[in-house]
Amino acid sequence: MLRLPTIRSQFSDLADAASREQMSYKGFLAELLLAECDDRARRRSERRIKAAAFPREQSLRAFDFDANLNVDAATINTLATCEWVRKGQPLCLIGDSGTGKSHLLIALGTEAAMKGYRVRYTLATKLVNEFVEAADERLLTKTIARYGRVDLLCIDELGSMELDRRGAELLFQVLTERGEKNSVAIASNESFGKAHMFRRTRARQRQNIMGSLGVRSRLRPGNRDTRRRRCPG
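The present account deals with the structure reproduced in this document. Owing to the predicted nature of the structure, the values given are computational and were not obtained by experimental measurement. (Residues numbered from 1 in each chain as written. Predicted model: local features only at pLDDT ≥ 70, side-chain atom pairs only at ≥ 80, totals over all residues. Heavy atoms only, no water.)

1. Comments concerning the overall build of the chain
Selection criterion: Segments assigned H or I by DSSP are reported as helices when at least four residues long, segments assigned E as strands when at least two residues long, and all are numbered from the N terminus. In this scheme, a residue with accessible area under 20% of its type's maximum is buried, one over 50% is exposed, and one in between is partly exposed, where area comes from a 1.4 Å probe on protein chains only. Contacts are assigned to residue pairs with any non-hydrogen atoms lying within 4.5 Å of each other. Areas reported as accessible are Shrake-Rupley estimates using a 1.4 Å probe. Residue values count occlusion only from the protein chains shown.
A count of helices and strands for the chain gives nine helices and five strands. Taken from the N to the C terminus, the helices and strands of the chain come in the order α-α-α-α-β-α-β-α-α-β-α-β-α-β. When burial is assessed residue by residue, the chain has 43% of its 233 residues classed as buried. A fraction of 81% describes how many contacts in the chain between residues 6 or more apart in sequence connect residues 24 or more apart. Accessible area for the chain stands at about 13800 Å²; split by element, carbon and sulfur atoms hold 47% of it.

Quick look at the structure:
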């Protein structure tokens, strides 16, 4: 049995349009198949976005570049092509509160999901807690492998809360194991060099993380006149 829900639901409308436009049989069939393919692509994108577990909808079109003058629109539009995801490169968005880090992280993750990549969003503290619990239950390898299957892992609010040594080491293990195989995008209010939560683990693993960063964007608030219109960070 063929599953063609779009053709079934739109057949009458497309047939009427084909009759009005005196379309050939081949042209009519092509329109039916294109409608089905387009709708399937849309449904796949919706499933990938839902699976990413974003906390809210955010888009690049809704980002206020005028309120965040230090965010370069051309750079963001280049990132939206997701070429860095295809190459397995990481992205780090660093900036103060109110500079739109979370907005851009979710929006770029959404763009990746729409382009066919498997994406997963999580807060840094939530991810670390999950790894700690998995380690206690001897399920760490399985949990890391589950996150390793996604093409892009989006980690938000890194640096907002201090992590203990064990949590930091588990997080670094995940980042280093992804390497150049899969991408990770991080939003943080502190640079890796200043992140207090990584001071003890940084000496051993900092070179691996920083050496692989393909893109780093430093975000800063706009001038005094635009700060009242900051996007949520």
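2. Description of unusual backbone geometry
One non-glycine residue, Cys82, lies in positive phi territory at about 65°. Although it is not a glycine, Arg138 adopts a positive phi angle of roughly 60°.

3. Let's talk about the pairing of strand β3 (residues 152-158)
Short version of the rule: Strands are treated as partners if at least two bridges between them are detected by DSSP.
Among the seven residues that make up β3, six are buried, leaving the element largely enclosed by the rest of the structure. Sheet topology note: the β3/strand β4 (residues 183-188) ladder contains five bridges and is parallel. Looking at the pairing, Leu152 lines up with Ser183 of β4.

4. Focus on the pairing of strand β1 (residues 91-95)
For β1, a buried count of five out of five residues is recorded, marking the element as mostly surrounded by other parts of the structure. Burial along β1 is two-sided: the face carrying Leu91, Leu93 and Gly95 and the face carrying Cys92 and Ile94 are both buried. Pairing between β1 and β4: four bridges, direction parallel. Looking at β4, one finds that Cys92 is bridged to Ile186.

5. Remarks on the packing of helix α1 (residues 5-20) against helix α2 (residues 25-52)
Rule in force here: A fitted line through C-alpha atoms serves as each axis, taken over the contacting stretch for helices, and the angle formed by two N-to-C directions is quoted from 0 to 180°. Here the angle decides the label: under 35 degrees means roughly parallel, over 145 means roughly antiparallel, 65 to 115 means roughly perpendicular, and every other value means oblique. Throughout, a crossing is termed right-handed when the near helix is turned clockwise from the far one, and left-handed when it is turned anticlockwise from it by less than a right angle. The residue classification treats Ala, Val, Leu, Ile, Met, Phe, Trp, Tyr, Cys and Pro as nonpolar and Asp, Glu, Lys and Arg as charged. All others, Gly included, are polar.
Where α1 contacts α2, the axes come no closer than 10 Å and their chain directions differ by 140°. Overall, the two elements α1 and α2 adopt an arrangement that is oblique. As for the relative orientation of α1 and α2, their crossing is right-handed in sense. Along its contact with α1, which presents Pro5, Thr6, Ile7, Gln10, Phe11, Leu14, Ala15 and Ala18, the element α2 presents Phe28, Glu31, Leu32, Leu33, Ala35, Glu36, Asp39 and Arg43. Tallied by class, the residues present in the contact of α1 with α2 amount to 10 nonpolar, two polar and four charged.

6. With respect to the side chain of Ser183
As for its position among the elements, Ser183 is in strand β4. Ser183 sits in the buried class, given a relative accessible area of 0%. Setting aside anything within four residues of it in sequence, one finds Ser183 in contact with Trp84, Val85, Gly88, Gln89, Asp151, Leu152, Leu153 and Arg178.

7. A look at the packing of helix α6 (residues 124-136) against helix α8 (residues 165-178)
Viewed as axis vectors pointing N to C, α6 and α8 meet at an angle of 100°, and their least axial separation amounts to 9 Å. Comparing the axis directions of α6 and α8 gives the class roughly perpendicular. Within the contact between the two elements, α6 uses Leu127, Val128, Phe131, Val132, Ala135 and Asp136 and α8 uses Arg166, Gly167, Leu170, Leu171 and Val174. Class assignment of the residues belonging to the contact of α6 with α8 gives a composition of eight nonpolar, one polar and two charged.

8. Structural notes on the nonpolar core
Definition in use: Nonpolar cores were defined as sets of buried Ala, Val, Leu, Ile, Met, Phe, Trp, Tyr and Cys residues, with membership established by side-chain atoms within 4.5 Å.
One finds Val119 and Leu152 to be the most contacted residues of the largest nonpolar core, which totals 27 residues. Going through the elements one at a time, α3 (73-79), α4 (83-86), β1, α5 (101-114), β2 (119-123), β3 and β4 are the ones with two or more residues in this core. Ranked by residue count, the leading element in this core is α5, at seven residues. If we ignore the near neighbours within four places in the chain, the residues touching Val119 are Ala51, Ala52, Phe54, Gly109, Ala112, Ala113, Leu152 and Cys154. Counting residues in each nonpolar core, the second largest holds 19 residues, with Tyr147, Ile155, Leu163 and Leu170 among its members.

9. Some words on the packing of aromatic side chains
Given two aromatic rings, their pairing is described by the distance between the two centres and the angle made by the two planes. So the rule is basically this: The criterion for an aromatic pair is that two Phe, Tyr or Trp rings (for Trp, the six-membered ring) have centres within 6.5 Å, with stacked assigned to planes under 30 degrees apart, edge-to-face to planes over 60 apart and tilted to the rest.
Counted according to the given criterion, the structure contains three aromatic pairs. Ring centres of Phe54 and Tyr121 lie 6.1 Å apart, and the angle between their planes is 55°; this geometry places the pair in the tilted category. Of the two residues, Phe54 is situated in the loop between α2 and α3 and Tyr121 in strand β2; the sequence distance between them amounts to 67 residues. Among the residues examined, Phe54 registers a relative accessible area of 15% and is labelled buried.

10. Section: the environment of Glu177
Assignment of secondary structure puts Glu177 in helix α8. For Glu177, a relative accessible area of 42% translates into the label partly exposed. With 32 residues separating them along the chain, Glu177 and Ala145 place their C-alpha atoms 9.9 Å apart.

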